[in-house]
Amino acid sequence: MTDIATDPKHFTKAVTELGEKRPVVTTQAIFNDRGVKIIEKGVQVNVGLYERLMAHKLTVPIEQSVASTPTVTGQFLRVHAEQVMREVPFFERIGANTKTRSLMLDALTKLPLPSPIAFQLTLAYEVRPVLFRHSIFMALFAAWMTQGLMVSRFDVSVASAAGLLHDLGMLHLDPLLLMPQSAIGHDQTRQLYSHPLVSEVLIERHHEYPRDLLQAIKVHHEFLDGSGYPGNLAGEAISPLGRVLSLGELVTSMLASNEAASELRLWVLLRMNMHRYDVALVEQVMQNIEPQTELQSKGLAVMTDPVSRLVEIDATLSEWPTELTQRADLSAPRQANLAGLTEQSAQLRRTLAGVGVAPQQLAQLGDDTLDDFLQLELTLLAQEAAWQLRSLARQTRRRWHIEADARFPDQLTAWLDRVDTVVAGINGIAPAQLHDTE
């Protein structure tokens, strides 16, 4: 299990930044861990107090000792949810039914918002707006997916709250993690892997939220095939609501992107990731997306030879060193991890075959059969397959390092090097740069 890797300086800095935008006032006196009062009640918090706050370990988390007005309310959340439903075609479609729309919006409007939670959402809105918008997306998505299961309004409300609060822990981590395309180091990676646990800890302080919500937030980056984090859980170990949030991360991140043809990309991603998500949930999403037409997809970069790239990826997967799982000199945890990674490698090959891009299937495609749209589809498939291949290599490195002896066997080193070369060729970057975020 990943440990919780957080540093109070990041959230404290964000609080002081909020104080530069709107009044942030202490609601009670703030004491350090020696019982010494460092800030009186009623003091306005700003950047000038940052050093004083960071010089002490506080007895009470700072979010429980400050407030800002006006604060985020259920009605405020509803207004922003309605804006998302107007601006994003997918959400406009799923909210076309008046009853469904009302249920989704009412669930968000009536959520319990204890003062510390409302404060953190206010901070997200003002200081981390991308995170706030993502939270609205997730709240709507989780409510919609859950209401389709014919459950009670309470269950829909729990799902909406889980979607809204699932990434609360990100406010307490290095803000670099919220910047797209940023290169992150080992410490930031540890924080990223731990953020579901941070969110769980922050929310379980408030008894307004049920255990099912906490469990779902804890597993919102887990996948059914065991390739997620922080616990590498699989199958039934992932709760039903956790499965909704896990799928929601993929769907909402794609819909929120500024990339061309986001729904076409989502359609490809869903087809390539059926093994990671609940199939019934994926099918519900696919029934409500509209892959972009060729005309709408202009602006996407197309590979000159995506077929050869896909063949190369399959060949790399076929060379995964399966024999390592039989080595008697490896510890039981390493053998178990390698066995899981072996299955993931095989599953990715099966997935490629399932979407029609196994080597035998690709061999039947001649140059004259690759019209513009097929070329585009194969490009997106190759890019996603390369991403999953890189993810497999990253997991391999991470799981190997569960023990102190960090030296890879020669077979594994050779395979990891090949992955770097293949992925770098597709991404157009040097292999060494692939490790910037590992």
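One can find the structure itself at the top, above this paragraph.
Residues numbered from 1 in each chain as written. Predicted model: local features only at pLDDT ≥ 70, side-chain atom pairs only at ≥ 80, totals over all residues. Heavy atoms only, no water.

### Topic: the overall build of the chain
Broken down by element type, the chain carries 18 helices and four strands. For 438 residues, the compact-globule formula gives about 22 Å, and the C-alpha radius of gyration of the chain, at 23 Å, lands near that figure. Projected onto the principal axes, the alpha-carbon positions of the chain cover approximately 70 × 55 × 40 Å. Looking at the chain as a whole, 52% of its 438 residues qualify as buried. Long-range pairs, those at least 24 residues apart, make up 73% of the contacts in the chain with a sequence separation of at least 6. Accessible area of the chain: about 19500 Å², with a carbon and sulfur share of 52%. Across the chain, 39 positive and 51 negative side-chain charges occur, with their mean positions spaced 7 Å apart. (Helix = DSSP H or I, 4+ residues; strand = E, 2+ residues; numbered from the N terminus. Rg over C-alpha atoms; globule rule 2.2 N^0.38 Å. Buried < 20%, exposed > 50% of the residue type's maximum accessible area, 1.4 Å probe, protein only. Contact = heavy atoms within 4.5 Å. Areas by Shrake-Rupley, 256 points an atom, 1.4 Å probe, with all protein chains shown as cover. Lys, Arg positive; Asp, Glu negative; His and termini not counted. Charge placed at Lys NZ, Arg CZ, Asp CG, Glu CD.)

### Looking at the packing of helix H11 (residues 240-255) against helix H13 (residues 279-286)
Following both chains from N to C, one finds H11 and H13 inclined at 40°, their axes separated by 10 Å at the closest point. Taken together, the axis directions place H11 and H13 in an arrangement best described as oblique. Crossing geometry of H11 relative to H13 is assigned as right-handed. On H13, the residues touching Arg 243, Val 244, Leu 247 and Val 251 of H11 are Leu 281, Val 282 and Val 285. Taken together, the residues that form the contact of H11 with H13 break down as six nonpolar, no polar and one charged. (Axes fitted to C-alpha atoms, helices over the stretch in contact; angles between N-to-C directions. Parallel < 35°, antiparallel > 145°, perpendicular 65-115°, else oblique. Left-handed = near helix turned anticlockwise from the far one by under 90°. Nonpolar A, V, L, I, M, F, W, Y, C, P; charged D, E, K, R; others polar.)

### Remarks on the side chain of His 10
Within the secondary structure, His 10 sits in helix H1 (residues 8-21). Dropping the residues within four chain positions of it, His 10 is found in contact with Leu 171, His 172, Leu 173, Asp 174, Pro 175 and Gln 191.

### Thoughts on helix H8 (residues 153-165)
The end-to-end C-alpha separation of H8 is 18 Å, in line with the 18 Å expected for 13 residues at 1.5 Å each. Within H8, ten of the 13 residues are buried, which leaves it mostly tucked inside the rest of the structure. Within H8 the residues assigned to the buried category are Val 156, Ser 157, Val 158, Ala 159, Ser 160, Ala 161, Ala 162, Gly 163, Leu 164 and Leu 165. (Expected span 1.5 Å × (residues − 1).)

### Things to note about the packing of aromatic side chains
Applying the stated rule across the entire model yields eleven aromatic pairs. Relative to Trp 415, the ring of Trp 320 lies with its centre 4.8 Å away and its plane at 90°, an arrangement referred to as edge-to-face. With Trp 320 in the loop between helix H14 (306-318) and helix H15 (332-354) and Trp 415 in helix H18 (residues 410-427), the pair connects residues that are 95 residues apart, well separated along the chain. For Trp 320, a relative accessible area of 4% gives the class buried. In this structure Trp 415 comes out as buried when scored by relative accessible area, which is 3%. Three or more aromatic residues joined by ring pairs make a cluster, and in this case those are Phe 90, Phe 91, Phe 137, Phe 141 and Trp 144. The ring of Tyr 193 has Arg 398 lying over it, and the distance from NZ or CZ to the ring centre is 4.2 Å. (Phe/Tyr/Trp six-rings, centres within 6.5 Å; stacked < 30°, edge-to-face > 60°. Lys NZ or Arg CZ within 6 Å of the ring centre and 35° of its normal.)

### Looking at the side chain of His 221
When you line up the elements, His 221 lands in the loop between helix H10 (211-218) and H11. Given the relative accessible area of 15%, His 221 is considered buried. At 3.4 Å, the side chain of His 221 forms a polar contact with the side chain of His 220. (Polar contact = N/O pair within 3.5 Å; in protein donor to acceptor, adjacent residues only side chain to side chain.)

### Some points on the environment of Leu 281
Within the secondary structure, Leu 281 sits in helix H13. By relative accessible area, Leu 281 is classed as buried at 7%. Considering only alpha carbons, one finds Leu 281 and Ile 203, 78 residues apart in sequence, at a separation of 26 Å. Setting aside its immediate chain neighbours within four residues, Leu 281 contacts Met 145, Arg 243, Val 244 and Leu 247.

### Brief notes about helix H3 (residues 74-87)
With 14 residues, H3 ought to run about 20 Å at 1.5 Å a step, and its terminal C-alpha atoms sit 20 Å apart, in line with that. If you check which residues of H3 are buried, you get Gly 74, Leu 77, Arg 78, His 80, Ala 81, Val 84 and Met 85. Each element contacted by the buried residues of H3 is listed here: helix H4 (89-94), helix H5 (98-109), helix H6 (115-127), helix H7 (129-147) and H8.

Such coordinate-based values are descriptive only and should not be taken to indicate function.
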